[in-house]
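Topology and contacts: notes
Chain residues, written in single-letter form:
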Amino acid sequence: MSNILRPIRLLLLGAPGSGKGTQTSRILKDFPQISAISSGDLLRQQIKLGTPIGKEAEAIIKKGDLIPDDSIVSLIKEELNAKNFLNASSSWLLDGFPRNATQAHVLDKTLSSHDSSLNLVVELDVPEEVILDRIENRWVHIPSGRVYNLTFNPPKVPGKDDITGEPLSKRPDDNPVTFKERIDTYKHQTLPLLEYYNKFGILRSVKGETSDIIYPQLKELLLKEFSKQ
Ligand code: AP5
Ligand code: MG
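Residues numbered from 1 in each chain as written. Chains lettered and ligands numbered in written order. Predicted model: local features only at pLDDT ≥ 70, side-chain atom pairs only at ≥ 80, totals over all residues. Heavy atoms only, no water.

In this section: the sheet that holds strand β7 (residues 203-207). In space, the five strands of this open sheet follow the order β2-β3-β1-β4-β7, with parallel pairing throughout. With one partner strand each, in any of the chains shown, β2 (34-38) and β7 form the two edges of the open sheet. Between one strand axis and the next, the sheet turns by 20 degrees as a mean value, whatever way the strands run. Here strand β4 (residues 120-125) pairs with β7 via five bridges, running parallel. Paired with Val122 across the strands is Arg204, a residue of β7. (Pairing = 2+ DSSP bridges. Helix = DSSP H or I, 4+ residues; strand = E, 2+ residues; numbered from the N terminus. Axes fitted to C-alpha atoms, helices over the stretch in contact; angles between N-to-C directions.)

By the burial criterion, the buried members of helix α2 (residues 39-49) are Ser39, Gly40, Asp41, Leu42, Leu43, Arg44 and Gln46. Buried-residue contacts for α2 involve β2, α3 (52-63), α4 (69-82) and β3 (91-95). Backbone geometry just downstream of α2 places Gly50 in the positive-phi region, at approximately 70 degrees. (Buried < 20%, exposed > 50% of the residue type's maximum accessible area, 1.4 Å probe, protein only. Contact = heavy atoms within 4.5 Å.)

The residues that UniProt annotates with the feature "binding site: GTP" (unreviewed entry) are Gly17, Ser18, Gly19, Lys20, Gly21, Thr22, Arg138, Val147, Tyr148 and Ser211. As for its position among the elements, Gly17 is in the loop between β1 (9-14) and α1 (20-30). Tracing the backbone shows Gly21 in helix α1. (UniProt positions renumbered as here; feature names shortened; annotations may be inferred.)

For ligand 1, the set of nearby residues contains 33 residues, the closest of which are Thr22, Asp65, Arg99, Arg138 and Arg182. Measuring from an oxygen atom of ligand 1, one finds a side-chain N or O atom of Arg99 at 2.6 Å. Between a nitrogen atom of ligand 1 and a side-chain N or O atom of Gln103, the distance comes to 2.9 Å. Put simply, the parts of the chain that give the shell around ligand 1 at least two residues each are α1, α2 and β6 (146-149). Top contributing element to the shell around ligand 1 by residue count: α2, with four residues. Here the residues of the shell around ligand 1 are counted per class, giving eleven nonpolar, 13 polar and nine charged. (Near = heavy atom within 4 Å. Polar contact = N/O pair within 3.5 Å; in protein donor to acceptor, adjacent residues only side chain to side chain. Nonpolar A, V, L, I, M, F, W, Y, C, P; charged D, E, K, R; others polar.)

The subject of this paragraph is the pattern of salt bridges. Applying the stated criterion to the full structure yields twelve salt bridges. Lys187 serves as the salt-bridge partner of Glu128, at 3.1 Å between the closest nitrogen and oxygen. On the criterion of sequence distance, the pair formed by Glu128 in helix α6 (residues 128-136) and Lys187 in helix α7 (residues 176-190) is long-range, its members being 59 residues apart. Glu128 sits in the partly exposed class, given a relative accessible area of 38%. Owing to a relative accessible area of 39%, Lys187 belongs among the partly exposed residues under this scheme. Here Asp173 and Arg182 are joined by a salt bridge, their closest N and O atoms 3.7 Å apart. The same class applies to Asp173 and to Arg182, which are both buried. When salt bridges that share partners are traced, they join Arg138, Arg171, Asp173, Asp174 and Arg182 into one network. (Salt bridge = Lys/Arg side-chain N within 4 Å of Asp/Glu carboxyl O.)

Below is the structure:
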């Protein structure tokens, strides 16, 4: 029997504000062998840098629509390579990509041609009314993607990132009108992916409203996955 841990290739699925970014930070802290790509963080960095894709993305994100598949797919493929996700022994997670059937098919094809298919998909199932409340209190550190909440996990110094001391910002898509659009986009385009991954037998769901209910369930799933032979 081999004592080499099986690599983990995880996709986090969940509505806007369900806690994908928050759970990602916790996973990275507990499992240093895992790296992460968040499509939303990548896009916000591109906007800040003023790149062509950033310019294209800015107005679309403000409306709560999805960036065209071609643009997001090429950005993510570059990042998969840069972060060594296409090496079959790497452990990693994706947050925010794929978000529709086209993106899911492209991802599956790319990963399977490198013997690196997803082995776990976890849905964060959080009631909508809980999410709305959270978004109003969210602040982000754009360069790193670190997320804060004035009630749930406030920064140590108000308005500043804990690690760098740099200022925190509000996301321009965190207003009630755009948020409603984002939820609708999620329901129409991303929710059907649950059924898609369920067919592969790799879908799990974790459910909870309050702060520390979800993470222990997620951690348990990861530990189980790592220890499979
Ligand atoms: P993206 O950045 O991915 O946004 P999203 O999916 O709408 O999700 P959020 O980042 O808003 O929420 P989250 O689940 O990460 O929650 P968080 O941890 O912050 O995408 C933004 C836009 O980019 C899209 O609308 C689209 O335009 C574009 N885009 C991205 N990917 C794309 C793709 N693949 N294709 C096309 N377009 C794409 O938590 C939320 C708040 O709740 C925080 O304040 C947090 O502190 C708090 N909180 C979290 N967990 C808890 C808890 N357990 N208890 C209490 N509070 C909590
Ligand atoms: Mg996020």
